[in-house]
Amino acid sequence: MTKYSRLIFFGPPGAGKGTQAKTLSQECGIPHIATGDILRNAIAQQTAVGQKAQSYVNNGDLVPDEILAALVRDRLQQPDAQSGWILDGFPRTLNQAEFLDQLLSELNSAYDLVIYLDVPDEILIQRLLGRGRKDDTKDTIRHRLDVFHGQTEPLIQFYQQENRFLQVDGNQPLPQVTERIKTAMQEGQ
Ligand code: ADP
């Protein structure tokens, strides 16, 4: 049993959020809620949300906040999310972070820990070029990094004001990153 089971993961594209979240989700039995995965699924199935999100995702732009807000509101109310969750890729803007605070208080819930995975841009570019997803072209990667620095990085300050913030060096072997996060989940920072 871990002490903390409501986690927010954020960091630049390619930082390893998805990989870490998947591992911890399996080991700890907590659902992994990855907004990027949900959007890619919606696009593949051409749902109404998918059709709206498609051009944003393919261009590496942020999908409008109201689409994400509805999606996260719905997902956090599913039965499997009642005893914990790992949010991966949301929030990504200050507006989304404020929305999440409000949503959690409405749902009489709260997050336990925010984990920021820090990796330098040069390493991220190499990793993403190696991954080869549809939005992993050179120009789109550069753009997503700019979006991260402009829109998502301010979340560091937003969450740092609380003492439930953990910055982890994501430029080290995967198991080491997992261990660092697990320690924090078990003991607090
Ligand atoms: P990565 O972090 O590696 O770029 P993700 O799978 O988290 O990949 O996100 C892929 C794309 O999905 C983003 O570039 C964006 O277009 C969209 N997306 C995911 N989460 C959000 C969000 N919280 N707000 C807006 N757009 C999002």
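Just above sits the structure.
Thresholds, definitions, all that
- Residues numbered from 1 in each chain as written.
- Predicted model: local features only at pLDDT ≥ 70, side-chain atom pairs only at ≥ 80, totals over all residues.
- Heavy atoms only, no water.
- Helix = DSSP H or I, 4+ residues; strand = E, 2+ residues; numbered from the N terminus.
- Rg over C-alpha atoms; globule rule 2.2 N^0.38 Å.
- Contact = heavy atoms within 4.5 Å.
- Lys, Arg positive; Asp, Glu negative; His and termini not counted.
- Charge placed at Lys NZ, Arg CZ, Asp CG, Glu CD.
- Buried < 20%, exposed > 50% of the residue type's maximum accessible area, 1.4 Å probe, protein only.
- Pairing = 2+ DSSP bridges.
- Axes fitted to C-alpha atoms, helices over the stretch in contact; angles between N-to-C directions.
- Expected span 1.5 Å × (residues − 1).
- Arc of directions from axis to C-beta.
- Salt bridge = Lys/Arg side-chain N within 4 Å of Asp/Glu carboxyl O.

Participant: Summarise the overall build of the protein chain; cite the residues concerned and give the values.
Facilitator: Looking only at helices and strands, the protein chain has 9 helices and 5 strands in total. Moving toward the C terminus, one meets the helices and strands of the protein chain in the order β-α-β-α-α-α-β-α-β-α-α-α-β-α. Computed over the C-alpha atoms, the radius of gyration of the protein chain is 16 Å, within 12% of the 16 Å expected from 2.2 N^0.38 for a compact globule of 189 residues. Reported as C-alpha extents along the three principal axes, the dimensions of the protein chain are approximately 40 × 35 × 30 Å. Counted over contacts in the protein chain with a minimum sequence separation of 6, partners at least 24 positions apart contribute 76%. If you average the places of the 19 positive and of the 24 negative side-chain charges in the protein chain, the two averages end up 4 Å apart.

Participant: I'd like to hear about unusual backbone geometry, residue by residue, with values.
Facilitator: Going from Phe90 to Pro91, the amide bond is cis rather than trans, its omega being 0°. You can see Pro91 is positioned in the loop between strand 3 (85-88) and helix 5 (94-106). Backbone geometry at Gln46 places phi at a positive 50°, although glycine is not the residue there. Position of Gln46 among the secondary structure elements: in the loop between helix 2 (35-44) and helix 3 (48-59). According to the relative accessible area criterion, Gln46 is partly exposed, its value standing at 37%.

Participant: Talk me through the sheet that holds strand 4 (residues 113-118); I want residue IDs and the actual numbers.
Facilitator: Pairing in this open sheet of 5 strands is parallel, and the strands run 2-3-1-4-5 from one edge to the other. In this open sheet, the two edge strands, each paired with only one partner strand, are strand 2 (32-34) and strand 5 (165-169). Direction aside, neighbouring strands of the sheet carry axes that sit 20° apart on average. Bridge count for strand 1 (residues 6-10) against strand 3 is 4 bridges, and the pairing is parallel. Note on strand 3: the bridge partner recorded for Leu7 is Ile86.

Participant: I'd love a proper account of helix 5, names of residues and values included.
Facilitator: Across its 13 residues, helix 5 extends 18 Å between first and last C-alpha, which sits within 8% of the 18 Å expected from 1.5 Å per residue. Taken residue by residue, helix 5 has Gln96, Ala97, Phe99, Leu100, Leu103 and Leu104 as its buried positions. Each buried residue of helix 5 lies within a common arc of 160° when the element is viewed along its axis, so the set occupies one face. Of the exposed residues in helix 5, those oriented more than 90 degrees away from the buried face are Gln102 and Ser105.

Participant: So what about the pattern of salt bridges? Which residues, and what values?
Facilitator: This structure, assessed with the given rule, holds 12 salt bridges. One salt bridge connects Arg133 with Asp135, and the closest N-O pair in it is separated by 2.8 Å. Classification of Asp135 by relative accessible area gives buried; the value is 7%. Residues participating in the shared-partner salt-bridge network are Arg131, Arg133, Asp135, Asp136 and Arg144.

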